[in-house]
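Breakdown of the fold
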Amino acid sequence: VRRNASETRFRIYGIIAITLSMLALIWLLYSIFSVGTPAFRQTFLTMPIELPADKLDKSGTRDVAVMSKVTTVGYAAVIQAALEKAITEKGIPTEGMTAKDIAGIISLEAPAQLRNYVLANPELVGQTIDFEVLANGRVDGFFKGRVTMESAKLDSNIKPEQLVLSEKLVDAGIMAQRFNWGFITAPDASDQRPEAAGLGVAIIGSFYMMLIVLVLSLPIGVAASVYLEEFAPKNRWTDLIEVNIANLAAVPSIVFGILGLAVFINFAGLPQSAPIVGGLVLTLMTLPRIIIPARAALKSVPPSIRDAALGVGASKLQSVFHHVLPLAAPGILTGMIIGLAQALGETAPLLLIGMVAFVRDYPSAPMQGFFDPASALPVQVFNWTVRGDPGFVERASGAIIVLLVFLLVMNAVAIILRRRFERRW
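Here the structure is a predicted model, which means the values were calculated and not measured.

Let us now look at the nonpolar core. Counting residues in each nonpolar core, the largest one holds 55 residues, and the members touching the most others are L199, L282, L350 and W384. Those elements giving two or more residues to this core turn out to be α11 (200-231), α13 (253-267), α14 (275-299), α16 (316-344), α18 (377-385) and α19 (390-421). Setting aside chain neighbours within four positions, we find L199 in contact with F183, I184, A186, L377, Q380, W384, A399 and V402. Residues M67, A86, V118 and I158 belong to the second largest nonpolar core, which totals 39 residues.

Structural data, given as structure tokens:
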């Protein structure tokens, strides 16, 4: 009776522990998704914009080199005139508001958006086009519940009258919310433009780094595992190597960042904030996490497989690569993808090698892109959380959602590969 009672208590303790863990996970996901999902929707203004040739192309040649001399100040005036005209046509009252107040509901990124579009399509100068521009971050926060009329009275960046005008623009069909593809594809933005900040550069940078980690860590890690488990003699040297591999797996990641800063940047002269340096640092950090599960997978193959291969005349090398390694492949692939997933979420080593820098330009295609400045998803999350504007907190939570999706996909691939290559004996 006493033994059965202890077993019952143990089951209850286990159920309580699992329940508490699930509740903590649900609360964590709820807090992230409740704050981050609004980042995938953004407030835009869509209106007819006249592109006067006398302001945007005084030479009349449609030469992009000449037109590029017109700065964003000139395009801001064009957008402001278009908004004022749209307000007048819709009969929206603006008593008590200055022209600056009206223009203030538009994002500071809007002139740059229009300028880039016109320079890419110079033949549109002289015409009137329907163009979509970003609304100010405070206006966007108002429709998402982050900004209120009361907070606007204390905020120097927005006025209650501007929020009232924004509501009327929504009723008139000029302003609306929709899915924000720019959050996925656009680069980062300055502190005054949270509504324009995106993950484009960070996603490419993370992809480049994971590509480098995959190309380097998989062959090196598997080769080291096969040698240590199947070919290396059991002596003090191999014991020392095994102990060091186990120790490296437990070393804090920031130590690898210090190593990368000293070796790859200060000694080798590789550029800071480049995917090549980040990839090399993460490779060093990932190798022990690949070698250990790979050795465990090799060790799980029954000795009878090796004996049978040797018994029919196969060499040691043939028995390993033709029989043992294919049977251990599911475990090796699973360990590799889990190691890559852990590397994808690392932040500390990347901060030390300069990937915290503000980067607006997209890196080039490989191989040159490996040496261009870039960011990474976890570093982008860190950057946004330390900025003052509340809009960046929303962006940071949205970036965490994107990172979780990447990790979910990678773990799903690990499960699929494991089932695909799994063999039973």
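If a strand is regular, its side chains alternate between the two faces of the sheet. Two elements, strand β1 (residues 41-50) and strand β3 (residues 175-179), share five bridges in a ladder whose sense is antiparallel. Across the sheet, residue R41 finds its bridge partner in β3, namely F179. Across seven bridges, β1 lies against strand β2 (residues 128-134) in antiparallel orientation. Note that in β2 the partner of F44 across the bridge is L134.

To continue, consider the pattern of salt bridges. Scanning the entire structure with this criterion turns up 18 salt bridges. Notably, a salt bridge pairs E109 with R360, separated by 3.4 Å at the nearest N-O pair. Residue E109 is located in the loop between α5 (99-103) and α6 (110-120), and its partner R360 is located in the loop between α17 (348-352) and α18; the two are separated by 251 residues in the primary sequence. Judged by its relative accessible area of 34%, R360 falls in the partly exposed class. Here E394 ties to R146 by a salt bridge, and the two come within 2.6 Å at their closest N and O atoms. Of the two residues, E394 is situated in helix α19 and R146 in the loop between α7 (137-143) and α8 (149-153); the sequence distance between them amounts to 248 residues. The buried category is assigned to E394, whose relative accessible area is 5%. Of the residues examined, R146 reaches a relative accessible area of 29% and is grouped as partly exposed. Counted as one network, the salt bridges with shared partners bring together D140, K144, R146, E394 and R395.

Strand pairing in a sheet is mediated by backbone hydrogen bonds. Such pairs are either parallel or antiparallel. Ordered in space as β2-β1-β3, the three strands form an open sheet in which the pairing is antiparallel. At either end of the open sheet lies a strand with only one pairing partner, and these are β2 and β3. Here the strands of the sheet are splayed against their neighbours by 40 degrees on average, with no regard to which way each runs.

Another aspect to go through is α16. For α16, spanning 29 residues, the distance from its first C-alpha to its last is only 37 Å, which falls clearly below the expected 42 Å at 1.5 Å a residue. A329 marks where α16 bends most, by close to 50 degrees; the proline P330 follows one to four residues later.

Bringing helix α12 (residues 236-250) into the picture now. The terminal C-alpha atoms of α12 lie 21 Å apart, and with 15 residues this matches the ideal 21 Å at 1.5 Å per residue to within 8%. Here α12 starts with a cap whose side-chain oxygen sits 3.0 Å from the backbone nitrogen of W237, and that cap is N235.

At a minimum axis separation of 9 Å, α11 and α16 run at an interaxial angle of 140 degrees. One finds that α11 runs oblique with respect to α16. As α11 packs across α16, the resulting crossing turns out to be right-handed. Across the interface between the two elements, S206, M210, V213, L214, L218, V222, V226, E230 and F231 from α11 touch K316, L317, V320, F321, V324, L325, I332, M336, L340, A343 and L344 from α16. Residues of the contact of α11 with α16, tallied by class, amount to 17 nonpolar, one polar and two charged.

To continue, consider the environment of E95. Inspection of the secondary structure assignment puts E95 in the loop between α4 (72-90) and α5. Expressed as a C-alpha distance, the spacing of E95 and I79, which sit 16 residues apart in the sequence, is 20 Å.

It is worth spelling out the packing of aromatic side chains at this point. Two numbers describe a pair of aromatic rings. These are the distance of the centres and the angle of the planes. Counted by the stated rule, this structure contains nine aromatic pairs. Ring geometry for F40 versus F179: centroids 6.4 Å apart, planes at 25 degrees, classification stacked. Highlighted residues: F40 in the loop between α1 (2-36) and β1 and F179 in strand β3, separated in sequence by 139 residues. Measuring from centroid to centroid gives 5.3 Å for Y117 and F131, while their planes differ by 50 degrees, and the two rings are tilted. Here the residue Y117 occupies a position in helix α6, and F131 occupies one in strand β2, the gap between them amounting to 14 residues. Overall, the relative accessible area of 10% leaves F131 in the buried class. An aromatic cluster of at least three residues, connected via ring pairs, comprises F40, F179, W181, F183 and W384. Over the ring of F44 we find R178, and its NZ or CZ is 4.1 Å from the ring centre. In this arrangement the basic side chain of R387 is found over the ring face of F392, its NZ or CZ atom lying 4.7 Å from the centre.

Reading the values: the criteria
Residues numbered from 1 in each chain as written. Predicted model: local features only at pLDDT ≥ 70, side-chain atom pairs only at ≥ 80, totals over all residues. Heavy atoms only, no water. Core = buried A, V, L, I, M, F, W, Y, C linked by side-chain atoms within 4.5 Å. Buried < 20%, exposed > 50% of the residue type's maximum accessible area, 1.4 Å probe, protein only. Helix = DSSP H or I, 4+ residues; strand = E, 2+ residues; numbered from the N terminus. Contact = heavy atoms within 4.5 Å. Pairing = 2+ DSSP bridges. Salt bridge = Lys/Arg side-chain N within 4 Å of Asp/Glu carboxyl O. Axes fitted to C-alpha atoms, helices over the stretch in contact; angles between N-to-C directions. Expected span 1.5 Å × (residues − 1). Bend = angle between axes of the 7 residues up to and from the residue. Polar contact = N/O pair within 3.5 Å; in protein donor to acceptor, adjacent residues only side chain to side chain. Parallel < 35°, antiparallel > 145°, perpendicular 65-115°, else oblique. Left-handed = near helix turned anticlockwise from the far one by under 90°. Nonpolar A, V, L, I, M, F, W, Y, C, P; charged D, E, K, R; others polar. Phe/Tyr/Trp six-rings, centres within 6.5 Å; stacked < 30°, edge-to-face > 60°. Lys NZ or Arg CZ within 6 Å of the ring centre and 35° of its normal.

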